[in-house]
Amino acid sequence: MDRMYRVLGFWTLAIALMAFWGHLYPMALLFFGMTAFFVSLSYMNLTERVYLNIFFCFMFVSFVGFTYYTFFVMPVGPQEHSMLNMIM
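Predicted model, so just to flag it, every value in this text is computed and none were measured.

S.K.: Tell me about the layout of surface pockets, residues and numbers included.
M.R.: Size it by volume and the largest pocket reaches roughly 290 Å³. What lines the largest pocket is a set of 13 residues, and nearest its centre among them are Leu30, Phe31, Met34, Phe58 and Ser62. Looking at which element gives the most residues to the lining of the largest pocket, the answer is helix α3 (residues 48–73), with five residues.

Shown next as structure tokens:
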């Protein structure tokens with residue numbers, strides 16, 4: 001199970017580097033932090049149950065945060081979204 005956290009660290013590092021190269025600095029910092037979190041957890045040699053509980057809590061916080069953002073923070077309307085402006 002600890003190796004899966006290293007795999008998660010690898011993918012979050014890849015996403016962080018792409019975000020950094022795309023000048024999305026807040027997203028890059030968030031993913032660099034998640035990379036450090038996952039890689040540091042992978043070297044703690046915890047039991048599989050603890051790893052699964054940590055992953056469940058991480059996913060719960062991520063889904064609640066994403067839902068909060070989409071309902072209360074994300075701008076509403078076509079004038080705010082660049083993709084719709086590009087199409088029209």
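The structure having been displayed, the exposition proceeds.
S.K.: Can you tell me about the nonpolar core, naming the residues and giving the values?
M.R.: Counting residues in each nonpolar core, the largest one holds seven residues, listed as Tyr5, Ala16, Phe31, Met34, Phe38, Leu41 and Tyr51. Where this core is concerned, the elements lending two or more residues are α1 (2–21) and α2 (25–42). With four residues, α2 is the single largest residue contributor to this core. Dropping the residues within four chain positions of it, Leu41 is found in contact with Tyr5, Leu46, Tyr51 and Ile54.

S.K.: Please set out the packing of aromatic side chains residue by residue, giving values where relevant.
M.R.: For the coordinates displayed, the defined rule picks out 10 aromatic pairs. Geometrically, the ring pair formed by Phe20 and Tyr25 is edge-to-face, given 5.4 Å between the ring centres and 70° between the ring planes. Linked through ring pairs, Tyr5, Phe37, Phe38, Tyr51 and Phe58 together constitute an aromatic cluster. For the cation-ring pair, Arg6 lies above Tyr43, with the distance from its terminal atom to the ring centre recorded as 4.3 Å.

S.K.: Can you tell me about the packing of α2 against α3, naming the residues and giving the values?
M.R.: Relative orientation of the contacting elements α2 and α3 amounts to 165°, with a least axis distance of 12 Å. The orientation of α2 with respect to α3, classified from their angle, is roughly antiparallel. At the point where α2 passes α3, the crossing takes the right-handed sense. In contact with Met34, Phe37, Phe38, Leu41 and Ser42 of α2, α3 contributes Tyr51, Ile54 and Phe58.

S.K.: An account of a nonpolar patch on the surface is requested, with residue identities and associated values reported.
M.R.: Among the surface-exposed residues, Leu13, Ile15, Leu17, Met18, Phe20, Trp21, Leu24, Tyr25 and Met27 lie close enough to one another that they form a single nonpolar patch of about 850 Å² accessible area. Put simply, the parts of the chain that give the nonpolar patch at least two residues each are α1 and α2. Ranked by residue count, the leading element in the nonpolar patch is α1, at six residues. If you trace the backbone, Trp21 turns up in helix α1. Looking at Trp21, the relative accessible area reads 62%, which means it is exposed.

Rules behind the numbers
- Here the residue numbers are simple positions, counted from 1 along each chain's written sequence.
- The model is predicted, so local features are restricted to residues of pLDDT at least 70 and side-chain atom pairs to those at 80 or more, both for listing and for counting; the totals for chains, interfaces and linings are taken over all residues.
- The basis for the side-chain values is all heavy atoms of the structure; hydrogens and waters are excluded.
- Two kinds of site are reported from a 1 Å grid over the protein atoms alone, namely cavities, where a 1.4 Å probe fits but cannot get out, and pockets, open sets with protein on both sides within 12 Å along at least five of seven lines, and residues are called lining when an atom falls within 4 Å of a point.
- Grid points are joined across faces, edges and corners, and a volume is the space filled by probe spheres set on the points.
- In DSSP terms, a helix is any run of H or I states spanning at least four residues, a strand is any run of E spanning at least two, and both are numbered starting from the N terminus.
- The criterion is simple. A nonpolar core is a set of buried Ala, Val, Leu, Ile, Met, Phe, Trp, Tyr and Cys residues joined through side-chain atoms within 4.5 Å.
- Here the term buried applies to any residue with accessible area under 20% of the maximum for its type, exposed to any over 50%, and partly exposed to those in between, with areas from a 1.4 Å probe on protein chains only.
- By the convention used here, residues are in contact when the closest approach between their heavy atoms is within 4.5 Å.
- Centres within 6.5 Å are what make two rings of Phe, Tyr or Trp a pair, Trp counting through its six-membered ring; a difference in plane orientation under 30 degrees is then read as stacked, over 60 as edge-to-face, and the rest as tilted.
- Working rule: Lys NZ or Arg CZ, within 6 Å of ring centre, within 35 degrees of ring normal, means a charge sits over the ring.
- Interaxial angle, 0 to 180 degrees, is taken between N-to-C directions of lines fitted to C-alpha atoms, where a helix line uses only the stretch in contact.
- Each angle is binned into one of four classes, with values under 35 degrees roughly parallel, values over 145 roughly antiparallel, values of 65 to 115 roughly perpendicular, and all other values oblique.
- Crossing handedness is defined as follows: a turn of the near helix away from the far one that is anticlockwise and smaller than a right angle gives a left-handed crossing, while the clockwise case is right-handed.
- Note that patches include only residues with greater than 30% relative accessible area and no salt bridge, and the join distances are 9 Å for like charges and 5 Å for nonpolar side chains (Val, Leu, Ile, Met, Phe, Trp, Tyr).
- Computed with a 1.4 Å probe, the accessible areas rest on the Shrake-Rupley method; for each residue, only the protein chains presented here act as cover.
- Salt bridges are counted wherever a side-chain nitrogen of Lys or Arg sits within 4 Å of a carboxyl oxygen of Asp or Glu.

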